[in-house]
Amino acid sequence: MNIDIPYADVIGDPIAQSKSPLIHKFWLERLEIKADYRACHVTPDELPDYIERRRADPAWRGCNVTLPHKIAMLDLVADPGGVREKIGAMNTIVRQADGSLMGTNTDAAGFFAPIADTDWSGKHAVVIGAGGAARAVLFALKQAGIGEITIVARNGLKATGLLMQASAKGSVLPMDAQLPAADLLINASPLGMTGKPPLELDLDPLPTDGLVYDLVYAPLKTGLLRAAKKRDLAVVDGLDMLIGQAALAFELFFGATPPMEDDDQLRKLLIA
C-alpha cells in the first residue's frame, strides 16, 4: 500500500470474510479517487495500539469496525454524537485534521434503509443476538416506532440490559425457545456466518406476511434465508445493510458520495 495516499481500514477478528474492501475500492475506482481501503486483522489485545498508530498517521482517514470491537471502541475515541448512550456500539471511526478521532455508528441507518418503506409502528420484531449489531438494530427499530421487541440470546441478562437501554417494550427468550408470531425477524448475531455455528430456528410461528432479515452476508444465502423462502416469507439479505452503512462511512472517509446508481454492478461483484 502507498501510505502517501489517503486510506481507510476495516478491522476485526476475524476479518478475512469482510467484503468492505471490495465495496470501497469499487466506489473509489468509479469516482477516480486516489485512495485505498483495506482489511486489517486486529485482535482485542492489539486494538489500543492499532488506534494509537493510526492516530499518528496523517494519511489514515479512519476505519470501519466489526466483531468483536464495536463496544470496546467506545473507550478509545471521542463520542461527540452520544453514541454510547443512544446505541452503545461504534462501527465507524473518523480521523479529524488535528489527529483527533471521532466515533459514530452507521449500522443503524444502514440496517433500516432496506425496510424504510414499511410502517413498523406498533408491530412486533424479534432480534437474534445481543451484541454490537443488535444494539444498532434496536435503536433503529425504536426510532421507527416498533411496538414490541423480543430478543433471543444466550445471555439473558445482557439482552435485558439492551432492552432497558433502548427504552423498548419487550421480552427476552433463550435460544431454544419457540419464536413468537412476530412481523419481523432479524438475525443480528454471527450465527450462520461462514465458520460459525448454524442458526437453526423453527419459523412456523411467523405469519405469512412476515419479513426475515439476516445481517450475515458470508454466505449471502444463509440457512435462515433459505428456510424463510421455503415458507414463502419476504427476505432481506446482509448485503443491503452492508452497502448502506458503507455508503455513509465512505462519505466520512473520502468526502464524496458513492455512485449508488452502480449498485447492481456492485452486488454482482460481491456475490461473484
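See the structure shown above.
Every chain is numbered on its own, with residues counted from 1 as its sequence reads. The predicted nature of this model means local features are confined to residues of pLDDT at least 70 and side-chain atom pairs, given and counted, to a pLDDT of 80 or more, with totals for whole chains, interfaces and linings taken over all residues. In computing side-chain properties, one takes all heavy atoms of the structure into account and sets aside hydrogens as well as water.

A look at the sheet that holds strand E3 (residues 60-65)
Should DSSP find at least two bridges between two strands, the strands are taken to pair. Only runs of H or I of at least four residues qualify as helices and only runs of E of at least two qualify as strands under DSSP, and these elements are numbered from the N terminus. If you trace the 5 strands from one edge of the open sheet to the other, you get E2-E1-E3-E4-E5, paired in mixed fashion. For this open sheet the edge positions go to strand E2 (36-41) and strand E5 (101-104), each flanked by a neighbour on one side alone. The mean inter-strand angle of the sheet, taken between neighbouring strand axes irrespective of direction, is 20°. The pairing of strand E4 (residues 92-95) with E5 spans 4 bridges and is antiparallel. When the bridges of E5 are listed, Val94 appears paired with Met102. Contact criterion: two residues are considered in contact whenever any of their non-hydrogen atoms come within 4.5 Å of each other. Simply put, an axis is a line fit to the C-alpha atoms, just over the touching stretch for a helix, and the angle between two N-to-C directions goes from 0 to 180 degrees. The strands that helix H2 (residues 47-55) touches are strand E1 (7-12), E2, E3, E4 and E5; relative to E1, the one it contacts most, it runs at about 175°.

What about the packing of helix H8 (residues 238-254) against helix H9 (residues 263-271)?
The geometry of H8 relative to H9 is characterised by a closest axis approach of 12 Å and an angle of 120° between their N-to-C directions. Here H8 is positioned oblique relative to H9, judged by the angle of their axes. Of the two possible hands of crossing, H8 and H9 adopt the one that is right-handed. Residues Leu239, Asp240 and Ile243 of H8 touch H9, and the partners they reach there are Asp263, Leu266, Arg267, Leu270 and Ile271. Among the residues forming the contact of H8 with H9, the class breakdown is 5 nonpolar, no polar and 3 charged. Just so you know how the angles are binned, under 35 degrees is roughly parallel, over 145 roughly antiparallel, 65 to 115 roughly perpendicular, and the rest oblique. Left-handed describes a crossing whose near helix is turned anticlockwise from the far helix by less than a right angle; the clockwise case is right-handed. Residues are grouped as follows: nonpolar covers Ala, Val, Leu, Ile, Met, Phe, Trp, Tyr, Cys and Pro; charged covers Asp, Glu, Lys and Arg; every other residue, Gly included, is treated as polar.

A look at unusual backbone geometry
Residue Pro14 is bonded to the preceding Asp13 through a cis peptide linkage, with omega at 10°. Relative to the helices and strands, Pro14 is located in the loop between E1 and helix H1 (20-30).

A closer look at the packing of H1 against H9
Across the interface, H1 lies against H9 with an axial gap of 10 Å and an inter-helix angle of 140°. The orientation of H1 with respect to H9, classified from their angle, is oblique. For the crossing formed where H1 meets H9, the hand is right-handed. Residues Leu22, Ile23, Phe26, Trp27 and Arg30 of H1 form the contact with H9, whose own contacting residues are Gln265, Leu266, Leu269 and Leu270. Tallied by class, residues from the contact of H1 with H9 come to 7 nonpolar, 1 polar and 1 charged.

Examining the sheet that holds strand E11 (residues 234-236)
Taken in spatial order, the 6 strands make up an open sheet running E8-E7-E6-E9-E10-E11, and their pairing is parallel. For this open sheet the edge positions go to strand E8 (170-173) and E11, each flanked by a neighbour on one side alone. Sheet twist, expressed as the mean angle between neighbouring strand axes with direction ignored, is 15°. Along the sheet face, helix H7 (residues 223-230) touches strand E9 (184-187), strand E10 (211-214) and E11 and points at about 165° away from the line of E10.

Here we look at the pairing of E9
Covered by surrounding structure in E9 are Leu184 and Ile186 together with Leu185 and Asn187, the residues of both alternating faces. Looking at chain direction, strand E6 (residues 124-128) and E9 are connected through 4 bridges and run parallel. Of the residues in E9, the one forming a bridge with Val126 is Leu185. Summarising the sheet, E9 and E10 pair through 4 bridges and their orientation is parallel. Note on E10: the bridge partner recorded for Asn187 is Asp214. Classification of residues uses two cut-offs on accessible area relative to the type maximum, computed with a 1.4 Å probe and protein chains only: under 20% is buried, over 50% is exposed, and between them is partly exposed.

A few points about the environment of Pro44
With respect to the secondary-structure elements, Pro44 resides in the loop between E2 and H2. Each C-alpha atom, one on Pro44 and one on Ala72, is 8.3 Å from the other, the two residues being 28 residues apart in sequence. Apart from residues lying up to four places away in sequence, Pro44 is in contact with Asp13, Pro68 and His69.

Points about the nonpolar core
What tends to happen in soluble globular proteins is that the nonpolar side chains get buried as a cluster. Phe111 and Leu141 are the most contacted members of the largest nonpolar core, which has 50 residues in total. Within the second largest apolar cluster, 24 residues are counted, among which are Leu28, Ile243, Ala249 and Leu270. Nonpolar core, defined: a set of buried Ala, Val, Leu, Ile, Met, Phe, Trp, Tyr and Cys residues in which side-chain atoms within 4.5 Å join the residues together.

Topic: H1
Within H1, the full set of buried residues consists of Ser20, Pro21, Ile23, His24, Phe26, Trp27 and Leu28. Check the buried side of H1 and you find it contacts E1, E2, E3, H8 and H9. Following H1 by one or two positions, Glu32 has its phi on the positive side, about 55°.

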